[in-house]
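Structure at a glance
This is what each chain is made of:
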Amino acid sequence: MKTLLLHLIVASAAAFGSPKYYSDTYVRGDKPGTLLKVPNFDVLFDELEKCSPLVKQALYDEKPQGIKAIDDSADFYKWKNTERHPNRLISQVDKIDNFQNNGVPLIRVRSSLRGPSKKRGECFSELISTPELRHKWDATNSIVDTVHCAENLQDIKQLQVDKYGEPSMFGVGYVKTKQSVVSPREQLTLCGVQNFDSGASIIWGVELEEDQNHLFPEDQPKRMPRSTSHIFSTTLIPTGEDTFDAEYVLQLDVNGCPGWLLGPIVTETVKKMFRFAETYFESGFEEGGALAKRLAEFPDDEEVDDDTPPNEEPNVLDRVLELLMPP
């Protein structure tokens, strides 16, 4: 059996994504001759759990309790609370200015939602990443697209320990924004979705390093100024049969936009996403609702193809799902 994992030494310096989050390991992509860089899962998730209490619950708790179990006084970093409304859709907003001396704030937003549990992580990621849903709440987005996916998710599984859950998505996405307060920007981001036995899901992403610029889409040859998602996660924790808490963490650097201006813009964009998410996930209970229709496209979990070869994951998705950060 041929080996699909390739270990390569990276020589060039990174100008965008932080090299600390990456390993020297690659997996084959879904396009011939394409190799996708693999993160250092230990380093990445160590940082994510320091930033997000719900990430920590997803990783370590058999029965995570969600937002109600969070003790903000136990935060690893010192956050500044900017909003706290326990009974509203957006229950809390926090920030750390100039996080890790990147010149821009780290934003954390919490919300509680109602929606079907089936494929919850994958469906939430589509809010961020599929054009038909992204454009419902993000007026600045021009292009959102998946440019590469892992050829076999089992390759990813072999490179992580069990506590990081089951990888259900892994790929490279491209985002291009419209003219707004700044000129158009673009991003190239490595992202994934991890699902857990508890029903929790973690959607994560980090900007790719400059040595991966050959992965930019061929139909976008003109390079734009680069935005950078230094670190990103959205964690979903079930709180009932049809309810869940969400915690969104993002440090976005829009080249040319000062941090004092960027923080409020990012926060308001994330709020718009959650407002749309509230309606979208509720539609999962409505006959003919948008999410109900989407869920009907997925096969039932028990429907497994008997011809699926051993040691391979059944393909439970019937279309490519994109994974990107919002600007």
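This report concerns the structure included in the present document.

Calculation criteria
- Residues numbered from 1 in each chain as written.
- Predicted model: local features only at pLDDT ≥ 70, side-chain atom pairs only at ≥ 80, totals over all residues.
- Heavy atoms only, no water.
- Core = buried A, V, L, I, M, F, W, Y, C linked by side-chain atoms within 4.5 Å.
- Buried < 20%, exposed > 50% of the residue type's maximum accessible area, 1.4 Å probe, protein only.
- Helix = DSSP H or I, 4+ residues; strand = E, 2+ residues; numbered from the N terminus.
- Polar contact = N/O pair within 3.5 Å; in protein donor to acceptor, adjacent residues only side chain to side chain.
- Phe/Tyr/Trp six-rings, centres within 6.5 Å; stacked < 30°, edge-to-face > 60°.
- Lys NZ or Arg CZ within 6 Å of the ring centre and 35° of its normal.
- Salt bridge = Lys/Arg side-chain N within 4 Å of Asp/Glu carboxyl O.
- Axes fitted to C-alpha atoms, helices over the stretch in contact; angles between N-to-C directions.
- Parallel < 35°, antiparallel > 145°, perpendicular 65-115°, else oblique.
- Left-handed = near helix turned anticlockwise from the far one by under 90°.
- Contact = heavy atoms within 4.5 Å.
- Nonpolar A, V, L, I, M, F, W, Y, C, P; charged D, E, K, R; others polar.

Side note on the nonpolar core
- Residues F45, L106, F170, V172, I202 and W204 are the most contacted members of the largest nonpolar core, which totals 40 residues.
- Going through the elements one at a time, β2 (22–28), β3 (35–39), α1 (41–51), α2 (53–60), β8 (166–177), β9 (186–195), β10 (201–207) and β11 (227–238) are the ones with two or more residues in this core.
- The dominant element in this core, judged by the number of residues it contributes, is α1, at five residues.
- Counting 38 residues, the second largest nonpolar core, distinct from the first, contains I90, F124, Y248 and F281.

What about the side chain of S129?
- You can see S129 is positioned in helix α3 (residues 120–129).
- In terms of polar contacts, S129 uses its side chain to reach the backbone carbonyl oxygen of S125, at 2.6 Å.

Things to note about the packing of aromatic side chains
- Counting across every chain of the model gives 14 aromatic pairs.
- Plain terms: the ring middles of F76 and Y77 are 5.0 Å apart, the flat faces sit at 90° to each other, and that makes the pair edge-to-face.
- Consider the rings of Y77 and F99, whose centres lie 5.0 Å apart with planes at 85°: the pair is edge-to-face. Note that Y77 is positioned in the loop between α2 and β4 (80–84) and F99 in the loop between β5 (90–96) and β6 (106–114), a separation of 22 residues in sequence.
- Through successive ring pairs, a cluster of aromatic residues spans F124, F244, F274, F276, Y280 and F281.
- In this arrangement the basic side chain of K37 is found over the ring face of Y22, its NZ or CZ atom lying 5.3 Å from the centre.

Some remarks on the pattern of salt bridges
- Evaluated as defined, the whole model comprises 22 salt bridges.
- Across the pair D97 and K95 runs a salt bridge whose closest N-O atoms are separated by 3.5 Å.
- The network of salt bridges with shared partners includes D72, D75, R84, D94, R108, R110 and E247.

Comments concerning the packing of α3 against helix α6 (residues 259–282)
- It is the contact of α3 with α6, at a shortest axis distance of 11 Å, that shows an interaxial angle of 135°. Relative to α6, the element α3 is oriented oblique. Crossing of α3 over α6 shows right-handed handedness. Contacts between α3 and α6 involve R120, C123, F124, E126, L127 and I128 from the former and M273, F274, F276, A277, Y280 and F281 from the latter.
- A class-by-class count of the residues in the contact of α3 with α6 yields ten nonpolar, no polar and two charged.

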